Amino acid sequence: MSNKQYSSKNRISVLDTTLRDGAQGRGISFSIDDKLKIVSLLDELGVAFIEAGNPGSNPKDQLFFEKARKLKLKNAQLTAFGSTCRPGEAAMDSALLRSLVNCGTNWVTIFGKSSRYQVEAVLRTTPEENLRMIYDTVSFLVKCGLNVIFDAEHFFDGFMLDSEYSLKCLEAANDAGAAYLVLCDTNGGAMPDDVMEITLSCTEIFSDKIGIHCHNDSGLATACTLSSVKAGATHVQGTMNGIGERCGNTNLCTVLPALALKKGYTCLSGNMNRLAPTARAISDIANLSFDEHQPYVGRDSFAHKAGMHVNAVLKSTDTFESIDPSAVGNERRLLLSEISGRSLLIEKLKTIAPDLNADSAAVNDLLSELKTMEMEGYQFDGAEDSFRLFVLRRLKRMPAFFEVKDFKVISDTGQISSALIKISVDGREEMTAAEGNGPVDALDRALRKALMVFYPCLIDLELDDFKVRVIETGQGTSAKVRVTMESTNGKVRWGTVGVSVNILDASWQALVDSIECQLMYTRGI
């Protein structure tokens, strides 16, 4: 088994269950509009199936499928989800199955027990009745003109206990006309080698109808999915960013590049280079913090910091990158720090000051000052735009957008603070005051209010993240702090940094840099 090569079948049909299984994750609740947006994103990505919910379980999903009928999908088949009929119930009499027939999709996913233990302990019925339920349900839906994907729930643990019965469950669904027979690691406890062996047993009987659906409770969903494909599975299920109940589902953001870019499978009708932006957009819609360390799609997955690594990547990218980041819609990041070295500084300067000679005194001075600033607590690997401004200021090439003449902040023991600020733009002065939730917010509001008179584009500036880190531990309240900000104008994101023993001064540095970045982006500088 260990020497078996990946299946020669080079096409994998992908079912995304973000809107169904993914929605079962803690803290996730999609509105109907959210679901419609995600369907469009997934269709553009090019997955074959979008499992979007259970119309028989709740009114929201019923309404969603009504609205979804108006969608004109280019690549994906919208798929409704449900279960087999109940013990003792005829499929044609099931209200839940009728809701699937009437929801307007051509494809449905039906889950049924495939473990004798689960049948007897949970369904409280006989193994024979469960086989009848599977066959009757799939047969009924097929006769109604639907294509059926059968999810064999608890297949792997069921197979371990009674392989003959688990295979009979697949046989019942297959005989009734199911298009795919999906082996489900429902509790996420299977090991990759077991998944490979068991999948092979199934593909030898059912050929290319076998699919795989894994949960990540053991941290092995990706490995199990790839093992199943290696054994001949041609249908893969998972969620974007791996969201889902408990520890989540197979992460399609990891599995798809592995299959397509490493093993040569065709997985999408769209473009793989839409993967990273799609993953981030869905995370935003779900109101989840995006995992920047996530393979392939995270911002840090192609970020290089150590001087030796950066030097090697600049010579040949495949030294520390297994794929071209653009293949998944991501980009390479070379992070500046005290350990990044001269080669990275020179590379960064090519875009900031391309006319500088690599051996010039100015480059040596910048490198020396950068290391001093890093020692003082500045960290530019998350605030590249502050570094850009630092270089332009030292080279005296920074546009003079505004000058701060004076500012004052008043903060009492309450929550509301006030700030008074005077600025000058091209000799014209403007003085404004503003209140905010704390001194930093008050300063931000007052500065923007004053500058908006001259720069209306600042209305688009939004602060996305604000972090404070104590640099010198053991110094108590007099310790030096580093403030990092992440901002956006809706099109571009940037990071800025400030360092001081005064948290307000550090915040002010990062805030001013953020505003100047917006002004530069607006002018195309």
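Predicted model, so just to flag it, every value in this text is computed and none were measured.

Focus on the sheet that holds strand β11 (residues 403-411)
Argument step 1. With respect to topology, three strands assemble into an open sheet ordered β11-β12-β13, the strand pairing being antiparallel. Edge strands, defined here as strands with exactly one partner in the open sheet, are β11 and β13 (428-437). Direction aside, the axes of adjacent strands within the sheet are offset by 15 degrees on average.
Argument step 2. Sheet topology places strand β12 (residues 416-425) next to β13; ten bridges connect them, and they run antiparallel. Across the sheet, residue S418 finds its bridge partner in β13, namely E435.
Argument step 3. Packing against the sheet, helix α16 (residues 439-451) makes contact with β11, β12 and β13, and its axis sits at approximately 145 degrees to β13.

A look at the nonpolar core
Argument step 1. Ranked by internal contacts, the top residues of the largest apolar core, which has 88 residues, are F64, F150, F155, L170, M240, L259 and C267.
Argument step 2. Formed by 50 residues, the second largest nonpolar core is a distinct cluster that contains M373, A383, L389 and V483.

What about the environment of A90?
Argument step 1. The topology assignment puts A90 in the loop between β3 (77-83) and α3 (95-101).
Argument step 2. The sequence separation of A90 and T137 amounts to 47 residues, and the corresponding C-alpha distance is 8.1 Å.
Argument step 3. Setting aside residues no more than four positions away along its own chain, A90 makes contact with C85, R132 and D136.

Digging into the environment of A172
Argument step 1. The residue A172 is located in helix α7 (residues 163-176) in this model.
Argument step 2. Between the C-alpha atom of A172 and that of N130, which follows or precedes it by 42 residues, the distance is 9.7 Å.
Argument step 3. Setting aside residues up to four positions removed in sequence, A172 forms contacts with L131, I134 and Y135.

A short note on the packing of aromatic side chains
Argument step 1. A complete count under the given rule lists eleven aromatic pairs for this structure.
Argument step 2. Between F155 and F159, the aromatic rings sit 5.8 Å apart at their centres with planes inclined by 40 degrees, giving tilted as the arrangement. With F155 and F159 both in helix α6 (residues 155-161), this residue pair falls four residues apart, about one helical turn. For the pair shown, F155 and F159 are each scored as buried.
Argument step 3. Judged by centre distance (6.2 Å) and plane angle (80 degrees), the rings of F401 and Y455 are edge-to-face. Placement of the pair is F401 in the loop between α15 (384-394) and β11 and Y455 in the loop between α16 and β14 (462-470), with a sequence separation of 54 residues. The same class applies to F401 as to Y455, namely buried.
Argument step 4. One aromatic cluster is present, formed by F49, W107 and Y180 through successive ring pairs.
Argument step 5. Residue placement shows R20 over the ring face of F81; its charged tip is 3.7 Å from the ring centre.

Concerning α7
Argument step 1. With 14 residues, α7 should cover 20 Å at 1.5 Å per step; its first-to-last C-alpha distance of 20 Å lies within 8% of that length.
Argument step 2. Every buried residue of α7 is accounted for by Y165, S166, L167, C169, L170, A172, A173 and A176.

Looking at the pattern of salt bridges
Argument step 1. Under the criterion given, the structure shown has 23 salt bridges.
Argument step 2. Measuring nitrogen to oxygen at the nearest pair gives 2.9 Å for the salt bridge that ties R397 to D355. Of this pair, R397 sits in the loop between α15 and β11 while D355 is found in the loop between α13 (342-352) and α14 (361-376), placing the two residues 42 residues apart along the sequence.
Argument step 3. Note on D355: relative accessible area 55%, which makes it exposed.
Argument step 4. The network of salt bridges with common partners includes R20, D21 and E51.

So, the environment of Q294
Argument step 1. Within the secondary structure layout, Q294 lies in the loop between α11 (275-285) and β9 (303-304).
Argument step 2. On a C-alpha basis, the gap between Q294 and G242 in space is 10.0 Å, while along the polypeptide they are 52 residues apart.
Argument step 3. Within the structure, the side chain of Q294 is placed 3.3 Å from the side chain of N241, a separation counted as a polar contact.

Some details on the side chain of S228
Argument step 1. Structurally, S228 can be placed in helix α9 (residues 221-230).
Argument step 2. Taking relative accessible area as the criterion, S228 reaches 0% and is therefore assigned buried.
Argument step 3. When residues no more than four places from it in sequence are discounted, the contact partners of S228 are V195, T199, I212 and A233.

Regarding the sheet that holds β14
Argument step 1. An order of β14-β15-β16 is seen for the three strands of this open sheet, with the pairing classed as antiparallel. Lying at the two open borders of the sheet, with one neighbouring strand each, are β14 and β16 (493-500). Each strand of the sheet is rotated relative to its neighbour by a mean of 15 degrees, with strand direction disregarded.
Argument step 2. Two elements, strand β15 (residues 481-488) and β16, share eight bridges in a ladder whose sense is antiparallel. Across the sheet, residue V481 finds its bridge partner in β16, namely S500.

Remarks on the packing of α7 against helix α8 (residues 192-206)
Argument step 1. Interaxial distance between α7 and α8 falls to 12 Å at its minimum, and their mutual angle equals 35 degrees. Handedness of the crossing formed by α7 with α8: right-handed. Facing L167, L170, E171 and N174 of α7, the residues of α8 in contact are C202, I205 and F206.
Argument step 2. Residues that form the contact of α7 with α8 fall into these classes: five nonpolar, one polar and one charged.

Structural notes on the confidence of the model for the protein chain
Argument step 1. For the protein chain, mean pLDDT is 89; residues scoring 70 or higher make up 93% of the total.
Argument step 2. Segment residues 1-5 is flagged for pLDDT under 50; beyond a separation of four residues in sequence, or across chains, it makes eight contacts in the model.

A closer look at unusual backbone geometry
Across the chain, the bulk of peptide bonds are trans and the bulk of non-glycine residues have phi less than zero.
Argument step 1. Within the chain, N241 stands out as a residue other than glycine whose phi angle is a positive 65 degrees.
Argument step 2. Within the fold, N241 resides in the loop between β8 (235-238) and α10 (252-263).
Argument step 3. By relative accessible area, which is 18% here, N241 ends up buried.
Argument step 4. For K396, which is not a glycine, the phi torsion comes out positive at approximately 60 degrees.
Argument step 5. Along the chain, the position of K396 falls in the loop between α15 and β11.

Reading the values: the criteria
- Residues numbered from 1 in each chain as written.
- Predicted model: local features only at pLDDT ≥ 70, side-chain atom pairs only at ≥ 80, totals over all residues.
- Heavy atoms only, no water.
- Pairing = 2+ DSSP bridges.
- Helix = DSSP H or I, 4+ residues; strand = E, 2+ residues; numbered from the N terminus.
- Axes fitted to C-alpha atoms, helices over the stretch in contact; angles between N-to-C directions.
- Contact = heavy atoms within 4.5 Å.
- Core = buried A, V, L, I, M, F, W, Y, C linked by side-chain atoms within 4.5 Å.
- Buried < 20%, exposed > 50% of the residue type's maximum accessible area, 1.4 Å probe, protein only.
- Phe/Tyr/Trp six-rings, centres within 6.5 Å; stacked < 30°, edge-to-face > 60°.
- Lys NZ or Arg CZ within 6 Å of the ring centre and 35° of its normal.
- Expected span 1.5 Å × (residues − 1).
- Salt bridge = Lys/Arg side-chain N within 4 Å of Asp/Glu carboxyl O.
- Polar contact = N/O pair within 3.5 Å; in protein donor to acceptor, adjacent residues only side chain to side chain.
- Left-handed = near helix turned anticlockwise from the far one by under 90°.
- Nonpolar A, V, L, I, M, F, W, Y, C, P; charged D, E, K, R; others polar.
- pLDDT = per-residue confidence, 0-100.

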